[in-house]
Amino acid sequence: MYILYTLAIPLITSAICAIFGRKTKIAAYVAVVGMTLSAALFTANLFVATSATAGLDSFATAAGLSTVGLMIAYVVIVIGTLVTWFSLPYIGNAGRIYYPLLLIIISSTAAAVLSTNVATLYVFLEIGTLSTAILVTYRKGRAFEAATKFVVLNSIGSSFTLIALILMFVNYGTLNIGSFGSTSSSAVLLISLFLFIGLGTKIGVVPMHSWVPDTYGEAPTPVSTFLAGTVKAATAFILIRFLFALHPTLDIVLLFIAVTAVLTVGVGAFMAYTQKDLKRFLAYSSIEQAGIILFAIGIGSSAALTGGIFQIINNMVMKSLVFLCVGAIIAATKQRNIDGLGGLVTKMPIVAGGFLIGALALSGIPPLSGFISEYLILQAGFAKGGVYPALSVALLVLTFPMFAGYIKVFQRVFLTVDQKIAAPRVSNLSIYIIIPIIILSVLCVLMGVFPTAIMDQINKLSLAILGG
Amino acid sequence: METALAFGIVWVICAILIVILNDKWSTLALLALNLTIAAFLLTENDLTGALIKAVFGIVSPIIILLVVARTKQPRPRFGTAPLISMALLTLVISYLVAFSTQSQFPTGRTTESYALIALFGIAVLILVSQRSILKLLLGILVLENIGTLLIAWGANTALLSVVAEVFVVLITLTIALIALMDFAEYGSIDSSKLTNLRG
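Residues numbered from 1 in each chain as written. Chains lettered and ligands numbered in written order. Predicted model: local features only at pLDDT ≥ 70, side-chain atom pairs only at ≥ 80, totals over all residues.

Undergrad: Just checking my understanding: could you explain the overall build of chain B for this structure?
TA: Looking only at helices and strands, chain B features seven helices and zero strands. Listed by position from the N terminus, the elements making up chain B come as α-α-α-α-α-α-α. Counting the 199 residues in chain B, one finds 43% classified as buried. Across chain B, contacts joining residues at least 24 apart in sequence account for 69% of those joining residues at least 6 apart. (Helix = DSSP H or I, 4+ residues; strand = E, 2+ residues; numbered from the N terminus. Buried ≥ 20, exposed ≤ 12 C-beta atoms within 10 Å, placed from the backbone. Contact = placed C-beta atoms within 7 Å.)

If you want it as structure tokens, here you go:
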């Protein structure tokens, strides 16, 4: 029951923020309070509630929501809350649209993850996409160009998704994915491909990835953080849910996804290594991360899905952490060019620590959280046989440039002191910027050192998705 | 079945006319007219339902018209080369699918499938060959209407129908809004001139 409130609170808060209009300071505090309340309620529901109050009521069930994606929705709301805190000092003059749209995106992403009805899913996905398109234009100028690429490519993706969802109904005779039976292989092939192209565009799969660096680069950093860390991973989870609801599952589709995933990792990693702009570097690294998640989907076994879902949750935490660290650097130095920065480790030790933890976790270095999920995925790849071991090796090799990129960026931004370049001025950071970085850093370490609790839940989730 | 087939044929003719005609006003009028006819065809004897669909159908072209008026763009010209490629592509895809699937295409209706494939080919061609944001929007609308066709043929639920139509209007509105912003910033809605960022 409370879950519905946690989704409704950001929407109501969004309306209140819109009412305050130009009184942006008040709107900002209303947004922070609303999101904090939503996250607190969700936490209480998950960890304190009795069995009678946990889960969803009949209204939510009738609206096409289910508890399968509850854990992912929880992470979405928590990261959304941290992003809203971060926005408070970062977005000085927020204007009329910033907070209302940000809260709508957070709420619709969480609702989409919980959706088990194809119509409801499409509604929430599209609300999120169209709100994001407008929010990307927030900084004006070049952001219009980024928004154009985003909205055109994502609308094409949405059209493919819509066709896939309608084809599902045509073939299975129901809107509820839990009730899907079996249909012909040719129908499954077509639906899978449309679904993959549609949702893959939103995830940033190569070759539909060109909007990613432009959008993440030009959107305000808190928005980029939420898009790269959370929306992308949540969409990957939706792809998993809908793809594995189709029967029969086709090996050729899975192989196609696995090959595309390896290509995506390669393009993301190599392009990231060549970037000079911090936000574009992270944008390409998020393409690489999307590839790793997709590879788990492409393997398609229970073990791979467990690794894939863990990687989705990890991506939400790790990617948000590094993006917020970059946001903190931009807020403190007003610079985002890697070559114009240096020696920040002594001036911003918490941010340096956070970035290092996030970068190492994203690179899959033990004992951080990324190691376990990436290890599980690769292990599942080797266990599957056929061409999958070779693809796993290719994936592993292609992640090396990304690791080298993180090391290069950390060394250049935080350690190197170039005498030829004037040291950047560093202003003090607000507590609202520091606290989210500390929370996410701690989560990255805890999820790596004590993975058992979360792994049990993910195991159940992957079995539920595979119908086991 | 007959209604749906008629709707499919009307749509294919409309899409081809959009490509052939070199006039933005005729193109938009055709779209509006076609969507209105479709609204009445799809809802058959339900006047209220037809009116609602007609309103949704007319809103998108009106939005596009307003953007065209405010951005003072030259007439959309598609040229003959894309037209020929479109026709060939449509024929090739239609026959390939027809032979390979032997009438068991997802909806189980081969004739309708041809219309869908033809529309798909036209949409993809517009999206690949055109650079004007409004023409890209037209391509997206044609693509979205494959969904509308499928609803008419095999998934006629009020929920899906309303969802699809509302979002066609919302997508049009959002892209139109961003096209206006682009025009204010760059003096053009030609996407090939937006080259500051290279994804």
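So that's the structure; there's more coming.
Undergrad: Before we go on, may I ask you to explain the overall build of chain A in this structure?
TA: For chain A, the count of helices and strands is 20 helices and zero strands. For 468 residues, the compact-globule estimate of 2.2 N^0.38 gives 23 Å, and chain A sits close to it at 21 Å. Dimensions of chain A, computed from the C-alpha atoms along their principal axes, are close to 65 × 55 × 45 Å. When burial is assessed residue by residue, chain A has 60% of its 468 residues classed as buried. Partitioning the intrachain contacts of chain A with sequence separation of at least 6 by distance along the chain shows that 83% fall at a separation of at least 24. (Rg over C-alpha atoms; globule rule 2.2 N^0.38 Å.)

Undergrad: What is the right way to look at the environment of Gly364 of chain A in this model?
TA: Residue and element names in this part refer to chain A. Along the polypeptide, Gly364 turns up in the loop between α15 (349-362) and α16 (369-384). Using a count of 23 C-beta atoms within 10 Å as the deciding quantity, one classes Gly364 as buried. Separated by 39 residues in sequence, Gly364 and Phe403 have C-alpha atoms that sit 8.9 Å apart. Leave out the neighbours within four places in its chain, and Gly364 touches Gly370, Phe371 and Glu374.

Undergrad: Explain the interface of chain B and chain A here, please?
TA: Interface size is commonly expressed as the accessible area that is lost once the parts come together. Of the residues lining the interface, 34 residues belong to chain B; the matching set on chain A comes to 39 residues. In terms of residue count, helix α7 (residues 158-186) of chain B provides more of the side of chain B that touches chain A than any other element does, 13 residues in total. In the side of chain B that touches chain A, the residues fall into 22 nonpolar, nine polar and three charged. (Nonpolar A, V, L, I, M, F, W, Y, C, P; charged D, E, K, R; others polar.)

Undergrad: Got a minute to help me understand the packing of helix α4 (residues 70-90) of chain A against helix α5 (residues 98-114) of chain A in this structure?
TA: To characterise two packed helices, one gives the angle between the axes of the helices and the distance between these axes. Residues and elements named next belong to chain A. At a minimum axis separation of 8 Å, α4 and α5 run at an interaxial angle of 170°. Classified by the angle between their axes, α4 and α5 sit roughly antiparallel to one another. Contacts from Leu70, Ile72, Ala73, Val76, Ile77, Gly80, Thr84 and Ser87 in α4 reach Leu102, Ile106, Thr109, Ala110, Val113 and Leu114 in α5. The class makeup of the residues in the contact of α4 with α5 is 10 nonpolar, four polar and no charged. (Axes fitted to C-alpha atoms, helices over the stretch in contact; angles between N-to-C directions. Parallel < 35°, antiparallel > 145°, perpendicular 65-115°, else oblique.)

Undergrad: Hey, could you run me through the packing of helix α6 (residues 118-136) of chain A against helix α7 (residues 142-172) of chain A in this one?
TA: Residue and element names in this part refer to chain A. The interhelical angle for the contact between α6 and α7, taken along N-to-C directions, is 175°, at an axis separation of 9 Å. Here α6 lies roughly antiparallel to α7, going by the angle between them. Residues Val118, Tyr122, Leu125, Glu126, Thr129, Thr132, Ala133 and Val136 of α6 form the contact with α7, whose participating residues are Ala143, Ala146, Ala147, Phe150, Val151, Asn154, Ser158, Thr161, Leu162, Leu165, Met168 and Phe169. Of the residues assigned to the contact of α6 with α7, the class counts are 14 nonpolar, five polar and one charged.

Undergrad: What should I look at first to understand the confidence of the model for chain B in this one?
TA: It should be kept in mind that the predicted coordinates are not to be read in detail where pLDDT is low. Residues and elements named next belong to chain B. For chain B, the average pLDDT comes to 66, and 40% of its residues sit at 70 or higher. Mean pLDDT across the secondary structure elements of chain B bottoms out at helix α4 (residues 80-101), with 50, and peaks at α7, with 80. Contacts for the low-pLDDT stretch residues 93-107, under 50 throughout, to residues beyond four places or in other chains number 25 contacts. (pLDDT = per-residue confidence, 0-100.)

Undergrad: For this particular structure, what's the right way to read unusual backbone geometry?
TA: Residues apart from glycine generally show negative phi values, whereas peptide bonds are mostly found in trans. All names here are of chain A. Here the residue pair Val206 and Pro207 is connected by a cis peptide bond, since its omega of 10° sits within 30 degrees of zero. For Pro207, the position within the fold is in the loop between α8 (185-203) and α9 (211-218). Here the residue pair Pro366 and Pro367 is connected by a cis peptide bond, since its omega of 5° sits within 30 degrees of zero. With respect to the helices and strands, the residue Pro367 is situated in the loop between α15 and α16.

Undergrad: Looking at this model, I keep getting lost on α15 of chain A. Mind explaining?
TA: All names here are of chain A. In this model α15 runs 20 Å from its N-terminal to its C-terminal C-alpha over 14 residues, within 8% of the 20 Å that 1.5 Å per residue would give. Judged by how many residues are buried, α15 sits mostly within the fold: 10 of 14 residues are covered. Those residues of α15 that fall on the buried side of the exposure criterion are Val351, Ala352, Gly354, Phe355, Ile357, Gly358, Ala359, Leu360, Ala361 and Leu362. Structurally, α15 contributes buried residues whose contacts are with α12 (278-299), α13 (302-333), α14 (344-347), α16, α18 (400-415) and α19 (431-449). Just past α15, the residue Gly364 takes up positive phi, approximately 80°. (Expected span 1.5 Å × (residues − 1).)

Undergrad: What should I look at first to understand α7 of chain A in this one?
TA: Three- or four-residue spacings in an α-helix give side chains the same orientation, since the helix completes a turn every 3.6 residues. All names here are of chain A. Between the first and last C-alpha of α7 there are 45 Å, a value that for 31 residues agrees with the 45 Å anticipated at 1.5 Å per step. In terms of burial, α7 is largely enclosed, as 29 of its 31 residues are buried. Positive phi appears at Gly173, one or two residues downstream of α7, with a value of about 75°.

Undergrad: When you look at the environment of Phe124 of chain A in this model, what are you seeing that I'm missing?
TA: Mapped onto the elements of the fold, Phe124 of chain A is located in helix α6. Setting aside residues no more than four positions away along its own chain, Phe124 of chain A makes contact with Ser108, Ala111, Ala112 and Ser115 of chain A.

Undergrad: So what exactly am I meant to see when it comes to the environment of Lys319 of chain A here?
TA: Residue and element names in this part refer to chain A. Along the chain, Lys319 falls in helix α13. Sequence separation between Lys319 and Gly229 is 90 residues, and the spatial gap between their C-alpha atoms is 4.9 Å. Look past the residues within four positions of Lys319 in its chain and what remains in contact with it is Ala228, Gly229, Ser286 and Gln289.

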